[in-house]
Amino acid sequence: MTDLFVSDRINAVVESKSVQLAGVIAELRAKGESIISFNVGEPDFETPEVVIKATQEALSQGLTRYALVPGEPFLRQGIADKLKRDQGINAKMENICVSNGSKQVLYSIFQVICNPGDEVIVPIPYWVSFPESIRLAGANPVFVESESGELNMEGIEKAINSKTRAIIINSPNNPSGRVFSKEQKEKLVKICREKNLYLVSDEAYETLIYGDEPFSGPAGVADQNLERTLIVQSFSKSYCMTGFRLGYVAGPTTFIKALNKLQSHLCGNTPVFVQKGAAAALENEKEIVTHMRQTFRKRSELAYELSKEIFPHTPKPEGAFYLFPKIQEELIAKYGSDENLALHILKEAKVAILPGSFFGQPGFLRICFSTNEENIEKGFKAIKECL
Ligand SMILES: Cc1ncc(COP(=O)(O)O)c(C=O)c1O
């Protein structure tokens, strides 16, 4: 039989490694193994009742038809109001395009802003979909190293050249759990203004920050009129709506107009009943988020203390639900690599964690504490015993 053909473009892309690992874990579970998941970046809370209700009502009212490409006015206005209220951003409906999750809109963003051969600066460690979304646009990710997850501003500046189109950041960060400083965000906006670049700011973990300062992304800090910044946001994490597949981008109207052209051919629209659920999430944000943040803050403290006992170079998480310890020399010498160590922990301790190399930073581990305290204690105990 002749080999079926797939494009070079898709051959150049690697499947999400965390999704791959989820397959291995599912196989182990199917064999009856009980695995503690420190790998899945998904809140373990139920989707809020108000969201479910609003979605069901919308379905009962027959809101099941094709709809506007960038999203219905009620949701885009709700998002604009939220951006003003939380970050002082002067967004109008025309600055917003609602998408089928933030993953989907990240893909579209690079299709819209990059020509083949262009470059996008990606600080290490990065979320796994960033480089692949850039590659799918025929552009090249240019990685900027960091010692252990901090933002390397000097490296970013050095990486800019005439092919650079954008810098992408994610704060609170997956996988490092870091929150970048106000000064760093200000500086990034300044650089992007000077060099005529887009600043793509993935703010998926906005509501999960553990310090006293309220969240503000680069637009909130220094680009309130959205001249440079493309805010990428998701309903998945903050409102426990991973399966609803809803996100959005807020940015300059010229960019949004161009994006809408692509979205009209790519996905048409997001379901209106899902948008109704999302609008209810925004209206009830305070109640939804307050309890979840408190719970995650407590978990972050417990997980941090337990991780330090095993991996002394564990930075304290400032946001999101991840720890990102640097593996000590002795363990690297014993197991050879972060990937081998993660596999050993999976097989022996029955705890699933991800190696830092999945996120561009070998020698680290990403440990997700999106599970209850009992599981966190059990998981770290098992890891300790297997090393
Ligand atoms: C940084 C970051 N952005 C976006 C997403 C995905 O969001 P969505 O479910 O809206 O595609 C994730 C999920 O892990 C993430 O970690």
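Predicted, not measured: the structure shown is a model, and the values here were computed from it. (Residues numbered from 1 in each chain as written. Predicted model: local features only at pLDDT ≥ 70, side-chain atom pairs only at ≥ 80, totals over all residues. Heavy atoms only, no water.)

**Examining the overall build of the protein chain**
Here is the rule we go by: Strands here are runs of E lasting at least two residues and helices are runs of H or I lasting at least four, both read from the DSSP assignment and numbered beginning at the N terminus. Here the radius of gyration uses the C-alpha set of atoms, whereas the globule reference equals 2.2 Å times the residue count to the power 0.38. The classification of residues rests on relative accessible area computed with a 1.4 Å probe and restricted to protein chains. Under 20% of the type maximum is buried, over 50% is exposed, and intermediate values are partly exposed. Working rule for contacts: check all heavy atoms of both residues, and any pair within 4.5 Å makes them a contact.
Helix and strand counts for the protein chain stand at 15 helices and twelve strands. Against the globule reference of 21 Å for 387 residues, the protein chain gives a C-alpha radius of gyration of 21 Å, in line with a compact fold. A buried classification covers 55% of the 387 residues belonging to the protein chain. The contacts of the protein chain with a sequence gap of at least 6 include a subset with a gap of at least 24, amounting to 75%.

**So, the sheet that holds strand S9 (residues 322–323)**
Note the cut-off: If DSSP finds at least two bridges between two strands, the strands pair.
If you walk across this open sheet you meet the three strands as S9-S12-S11, and the pairing is antiparallel. Of all the strands in the sheet, the pair left with one neighbour each is S9 and strand S11 (354–355). Bridge count for S9 against strand S12 (residues 365–368) is two bridges, and the pairing is antiparallel. Paired with Leu-323 across the bridge in S12 is Ile-367.

**Some points on the pattern of salt bridges**
Stated formally: A side-chain nitrogen of Lys or Arg and a carboxyl oxygen of Asp or Glu constitute a salt bridge if their distance falls within 4 Å.
Going through the model one piece at a time under the given rule, you end up with 19 salt bridges. Residues Lys-384 and Glu-309 are paired through a salt bridge, measuring 3.0 Å at the closest nitrogen-oxygen approach. Residue Lys-384 is located in helix H15 (residues 373–386), and its partner Glu-309 is located in helix H12 (residues 285–310); the two are separated by 75 residues in the primary sequence. The residue Glu-385 makes a salt bridge to Lys-381 at a minimum N-O spacing of 3.3 Å. With a gap of four residues between them, Glu-385 and Lys-381 both fall in helix H15, about one helical turn apart. Grouping residues by exposure puts Glu-385 and Lys-381 together as exposed. It is possible to trace a salt-bridge network through shared partners that takes in Lys-82, Arg-85, Asp-86, Glu-206 and Glu-285.

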